[in-house]
Each structure stands twice: as structure tokens, then as C-alpha cells.
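What follows is each chain in one-letter form.
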Amino acid sequence: MNNNEKVEALNKKRQEVMLGGGEDAIQKQKQSGKLTARERISLLLDPNSFNEYDLFAQHEAKDFGMMEKVLNGDGVIIGTGTIHNKPVCVFAQDFTVVGGSLGYMHAKKITKIQDVAMKMRVPCIGINDSGGARIQEGVSSLAGYGEIFYRNTQASGVIPQISVILGPCAGGAVYSPALTDFVFVVDKVSKMFITGPEVIKTVLGEEISQEDLGGARVHSEITGNAHFFAHNEQECFMQIRKLLSIIPQNNKNAADKNKTEKPTAKIDINNIVPIDPTKPYDVRDVIKAITDNSDFVEVMEKFAQNMVIGYGRIDGKTVGFVANQPYYLAGVLDVDCSDKAARFIRYCDAFNIPIVTLVDLPGYLPGVQQEHSGVIRHGAKILYAYSEASVPKITVILRKAYGGGYIAMGSRHLEADFVYAWPTAEIAVMGPQGAANIIFRKEIMAAENPDEMRKQKVEEYKQRFANPYVAAAKGYVDSVIKPAETREMLIHSLNVCENKAEIKTDKKHGIPPF
Ligand code: HXC
């Protein structure tokens, strides 16, 4: 063979291997409503930016007829490429090759790209579509999972790790995504569970579909395992690209600073908070009235909606928003929203993203269900996360800041750098109704007209405590500001915090109430 013939042979060999499990398996993949692993990579990355590694990797398994089997790429594609011209590492499981099952070499390829991502300090994106541990390879497959989990944990807080669930992700395989920072799911495509419907039927005698057990909606709305929900794969890859445009590449670099843009949403920020304090409003309107271009990348939009979290830019710089949502359960703190906020705060802190907190909540959700679900343990996570975070912390109290909720939501007492309050703020131990009933109980009971007396006492309490000025007098609030001044004050505060340095106690690590 001369050199030209060798090049030609390489081309042919490449093309064969790149067909994965072959035409029939590709057709089956498409018929099940899924894209192929290669199509997925091209949608994710900048055009023609993918450099594939280990295309010719082969398994070395011998049992159960494996010796005769050639598995193209061993069922996973790995490599580097760019998103918005910045390097990323990627792996995509190829379901057309023995169901994307994970054997020893398959796992080696994944850990190889994880190691590259860590060494180069670039994001790592994993596309999961797999029948799980390759049964024929036994413990070697399990070893592979363990090595992936270990790397997920080592990389946590150093580089962004993104998991995309585009097919089955079952058994222990779910724990790699669960250890990563952002999990993306697609309606009708993603299936994620520890034990599948067949096992459930055998063990418990219950019938349930894969979709109802662990589909995209289940994980976006109920379990909180997923952070982004998309209607189709194309939308999902756009979401990933958008997210990566706003977060930093690693824990040492800041996110790209964009040109400053004014908010574009037509929102009258001075009148967002209704005059009647029992009326709700959408806190996302406040966010959109503050951010550049009114842009907001919301994370976990459909889970624990009483808390809104996500990223936006202020004066071109990325910030993380943590906001109570009066529109949903009046914005109370509960088990799920505590978990949601605490993890987000830790992410922002690890990646040097300043945190802007918007407060309007009546406190913690009362009730046996919450107590027995561990609201004490879960609620403590927010306190821990805020107290531990050393990034700039700026808090704006919009309306209610009652009781433990006042303390938990980025208060001065947890070392917020700036605390602002709108004139509509009410900072107190509890709401006026409840407070008046307790502290004026005797007067109310003894009155000729208890209802009238209660009304009078509620009014008295409101005058005294349900405002921002008592906290402002004590310096717990730095300034009471007009809502329309909020963006300006945030820009100022972020500038002051630019070189914030905090001296930390010397310890290996704390023990958060996980
Ligand atoms: C080996 C597998 C496989 C596996 C699928 N295949 N899963 N081969 N090991 N785990 C093969 C099938 O034999 C088939 O090969 C091809 O992939 C496509 O699979 P189908 O069943 O035809 O596809 P589909 O009907 O779409 O069903 C997909 C599926 C099903 C729901 C994922 O294949 C399935 O239930 N697989 C087993 C899932 C499982 O129990 N995994 C182990 C989990 S335990 P042919 O040659 O026929 O095309 C685990 C432990 C990890 O993962 C622990 C880590 C800590």
C-alpha cells in the first residue's frame, strides 16, 4: 500500500467505525424519537470544532460471546470541541452499540475525557443514553462506574459538569448525573430511575410506565433531579449553550464580562409590589427589571417554585439570583426550596459568582408533613450555604421578611455585604395578624368588641414593626431605597465588592447539614 492508499484506508476505517451499531440500529434509534450520538455532538458544539479521541478503542471482554464482537468505539464517543469559541470536553454514549452499555473500555474513555477536562480546567458535558452496566463484563463495568463517580466528585466545584439524559439512564448509572452540577432532560426522551418498572412489578406488584416513573417531567417537577427541561433535543442543546455563555469556565476564571445593556422589559418596578400585602406578584418581573437585556436563565424552573434561582447579568457581569416567589405558596421556605437554594448558593460560591437575594416570604411552611420531612435539617442548609459563601452577597428586601425567613435569606447577620430594603419592606418576627393575636391576646379577649380590638392592635403592630425603618435604625439594612434605584445600587455594590477578600478559618472543610 502506498501512502495515498493508506490514507484512503484510514478514511474507510473511520467511516465504518463512525457508523456505530450500523444502519439498522441507527434507524431504530431514530424511530424511537432520538438523535444519534454524533448528531447530538454536532448540535452541542460550534460547527466543525469536534476533535474525537479513541475512535478505534475496542473492548477486551471475552465472556458470553464477546470475543467475536467488534463494538465500534465501544459505545461511547469522546473528545474536545468549542462552545462560543471556548473549549469543552464531551462524551456521548452511543445507544446503537450494545445499547450504549458501559463496559471497561467505555468507562476508560469517559474517565479519560473527565481527566482532560480537569487538567485543562474546562467544562465537561456528558450525554447519557445507555442500558447501564454491560452485563457481559460483570465487575469491570461496576469498577468503571466507580471511577467515573470518583472523578465527578473531584471535579465538583472546579469545572462545570453537565449531564444530558437522552434515553435510559438506569440503576447505578444515575449517580454520575446526580453528582454533576446541571442535569438536562427532554420531554418523552429522558428516562432516569434506580429500579425500572419490571423490577417494581416483580418486587412490589405495582405497574408503572417508564415515563411516569422517571420521565423528564417527573425529574423537573417532582424529584428535583433535573435542572433544565426541554421539549426536544434541539432546544436542550440551545439551553446548554446558553448556560455555558453565562457561567465561568472554571473556579479560577470569572464569567465573560459582556457589554452593559439596559433592561428591556417594560416593567414599572416601583409598582410591582401590590398595595395589598396579601396579594402575590411574580418576582421574576423584579429580576427582569434589573438585569441587562432583561435576560434571566432560570434554573430548576418547575421544581419548588416558591424559590426562584438562576443567572442574569448586571452591568455585563454574571450574578446568581436567589428569590422568594410570592406567586407560589406565598414564597414560603420548605424542604424542597431549601435544597434548591442551598445547592445553587454553593455553586455560585464555588465559581465566584456574586449572589443577589430578593426577599419576600412569610417564613417557614408550618405543618406535620414538613416537620416530618425534615424541614429543620433541610432549612439549615440555606443558613449554612449563605454563611459559608464568601462571594459578594447583596440582599434586597422587597416586602415580607418574617422570622427565621428574614435571617435565612441572606441577612446582614449571615454576613451579607449590602442589605437594601424597599419602602414596602416589613421586617418582623412574624406577620401582623399572628403577632397581634399572641401579644395582645388578653386585651383582645377582654374587649367589648374583640374583632375591632384585634384590628386596632394589628394596625398598631404594623405601624411599629411592619416597615423597614426599625432594621434600618439598627444598621441591619444599609439603605431604604426606591425600587427604581435597585439596579443602580446593585451596580454600585458589585463594584465595591470587586476585590472582596474574606479570611477563612483554617479547617479542612465544614460539615454542612447534607
Ligand atoms: C449489555 C445491553 C444492556 C446491558 C441493553 N443492551 N442494555 N447489553 N448490557 N446493560 C443491549 C441489548 O441486549 C440489545 O442488544 C441492545 O442493547 C439494545 O437494547 P434493547 O433492549 O433492544 O433496547 P430497548 O428495547 O430500547 O430497551 C432499552 C433498555 C433495555 C430499557 C435499556 O435494553 C434494558 O432494560 N436493558 C437492561 C438494563 C439494565 O438492567 N441494566 C443494568 C442496570 S444495573 P442487541 O444485540 O439485541 O441489539 C447497573 C448497575 C450499575 O447499571 C451500578 C453502578 C454503581
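Focus on the site of the ligand
Reasoning step 1: The ligand sits among 18 residues. The nearest are Lys-28, Gly-99, Gly-131, Ala-133 and Ile-135.
Reasoning step 2: Between a nitrogen atom of the ligand and a main-chain N or O atom of Gly-131, the distance comes to 2.6 Å.
Reasoning step 3: At a separation of 2.9 Å, a nitrogen atom of the ligand approaches a polar backbone atom of Ala-133.
Reasoning step 4: When the ligand is considered free in solution it has 1000 Å² of accessible area, and contact with the protein chains removes 51% of it.
Reasoning step 5: Among the residues making up the shell around the ligand, the classes are represented as nine nonpolar, seven polar and two charged.

Observations regarding the packing of helix 12 (residues 335–350) against helix 14 (residues 375–388)
The packing of two helices is summarised by the inter-axis angle and the distance between the axes.
Reasoning step 1: In the contact formed by helix 12 and helix 14, the axes pass within 8 Å of each other and the chain directions differ by 20 degrees. Classified by the angle between their axes, helix 12 and helix 14 sit roughly parallel to one another. Judged by the twist between their axes, the crossing of helix 12 over helix 14 is left-handed. Contacts between helix 12 and helix 14 involve Val-335, Cys-337, Ser-338, Asp-339, Ala-341, Ala-342, Ile-345, Arg-346 and Asp-349 from the first element and Val-375, His-378, Gly-379, Lys-381, Ile-382, Ala-385, Tyr-386 and Glu-388 from the second.
Reasoning step 2: Taken together, the residues of the contact of helix 12 with helix 14 break down into nine nonpolar, three polar and five charged.

Some points on the side chain of Ser-338
Reasoning step 1: Its place among the elements puts Ser-338 in helix 12.
Reasoning step 2: Residue classification places Ser-338 among the buried residues on the basis of a relative accessible area of 0%.
Reasoning step 3: Once you skip the residues sitting within four places of it in the chain, Ser-338 turns out to touch His-378, Gly-379 and Ile-382.

Examining the pattern of salt bridges
Reasoning step 1: Per the counting criterion, the structure on display carries 34 salt bridges.
Reasoning step 2: Bridged by salt links that share partners, the residues Lys-34, Arg-40, Asp-129 and Glu-233 form one connected network.

Describing the environment of Pro-512
Reasoning step 1: Mapped onto the secondary structure, Pro-512 falls in the segment after helix 20 (486–496).
Reasoning step 2: Taking the C-alpha atoms as reference points, Pro-512 and Lys-381, 131 residues apart in sequence, are found 6.8 Å from one another.
Reasoning step 3: Residue contacts for Pro-512: discarding those within four places in its chain leaves Arg-346 and Tyr-384.

Overview of the packing of aromatic side chains
Reasoning step 1: If you walk through the whole model with that rule in mind, you get nine aromatic pairs.
Reasoning step 2: On the numbers, 6.1 Å between centres and 15 degrees between planes, the contact of Phe-418 with Tyr-420 is stacked.
Reasoning step 3: You can call Tyr-420 buried: its relative accessible area is 3%.
Reasoning step 4: A network of ring pairs unites the aromatic residues Phe-182, Phe-184, Phe-228, Tyr-347 and Phe-351 as a single cluster.
Reasoning step 5: One cation-aromatic arrangement involves Lys-457 over Phe-440; the distance from NZ or CZ to the ring centre is 4.8 Å.

A few points about the packing of helix 3 (residues 37–44) against helix 10 (residues 233–246)
Reasoning step 1: At their nearest, the axes of helix 3 and helix 10 sit 9 Å apart, and the two run at 40 degrees to each other. Relative to helix 10, the element helix 3 lies oblique. With respect to the hand of their crossing, helix 3 and helix 10 are arranged in right-handed fashion. Along its contact with helix 3, which presents Arg-40, Leu-43 and Leu-44, the element helix 10 presents Glu-233, Gln-234, Phe-237, Ile-240 and Arg-241.
Reasoning step 2: For the contact of helix 3 with helix 10, the residue count by class is four nonpolar, one polar and three charged.

The rules behind the values
- Residues numbered from 1 in each chain as written.
- Predicted model: local features only at pLDDT ≥ 70, side-chain atom pairs only at ≥ 80, totals over all residues.
- Heavy atoms only, no water.
- Near = heavy atom within 4 Å.
- Polar contact = N/O pair within 3.5 Å; in protein donor to acceptor, adjacent residues only side chain to side chain.
- Areas by Shrake-Rupley, 256 points an atom, 1.4 Å probe, with all protein chains shown as cover.
- Nonpolar A, V, L, I, M, F, W, Y, C, P; charged D, E, K, R; others polar.
- Axes fitted to C-alpha atoms, helices over the stretch in contact; angles between N-to-C directions.
- Helix = DSSP H or I, 4+ residues; strand = E, 2+ residues; numbered from the N terminus.
- Parallel < 35°, antiparallel > 145°, perpendicular 65-115°, else oblique.
- Left-handed = near helix turned anticlockwise from the far one by under 90°.
- Contact = heavy atoms within 4.5 Å.
- Buried < 20%, exposed > 50% of the residue type's maximum accessible area, 1.4 Å probe, protein only.
- Salt bridge = Lys/Arg side-chain N within 4 Å of Asp/Glu carboxyl O.
- Phe/Tyr/Trp six-rings, centres within 6.5 Å; stacked < 30°, edge-to-face > 60°.
- Lys NZ or Arg CZ within 6 Å of the ring centre and 35° of its normal.

By themselves, these are just geometric observations and shouldn't be taken as functional.
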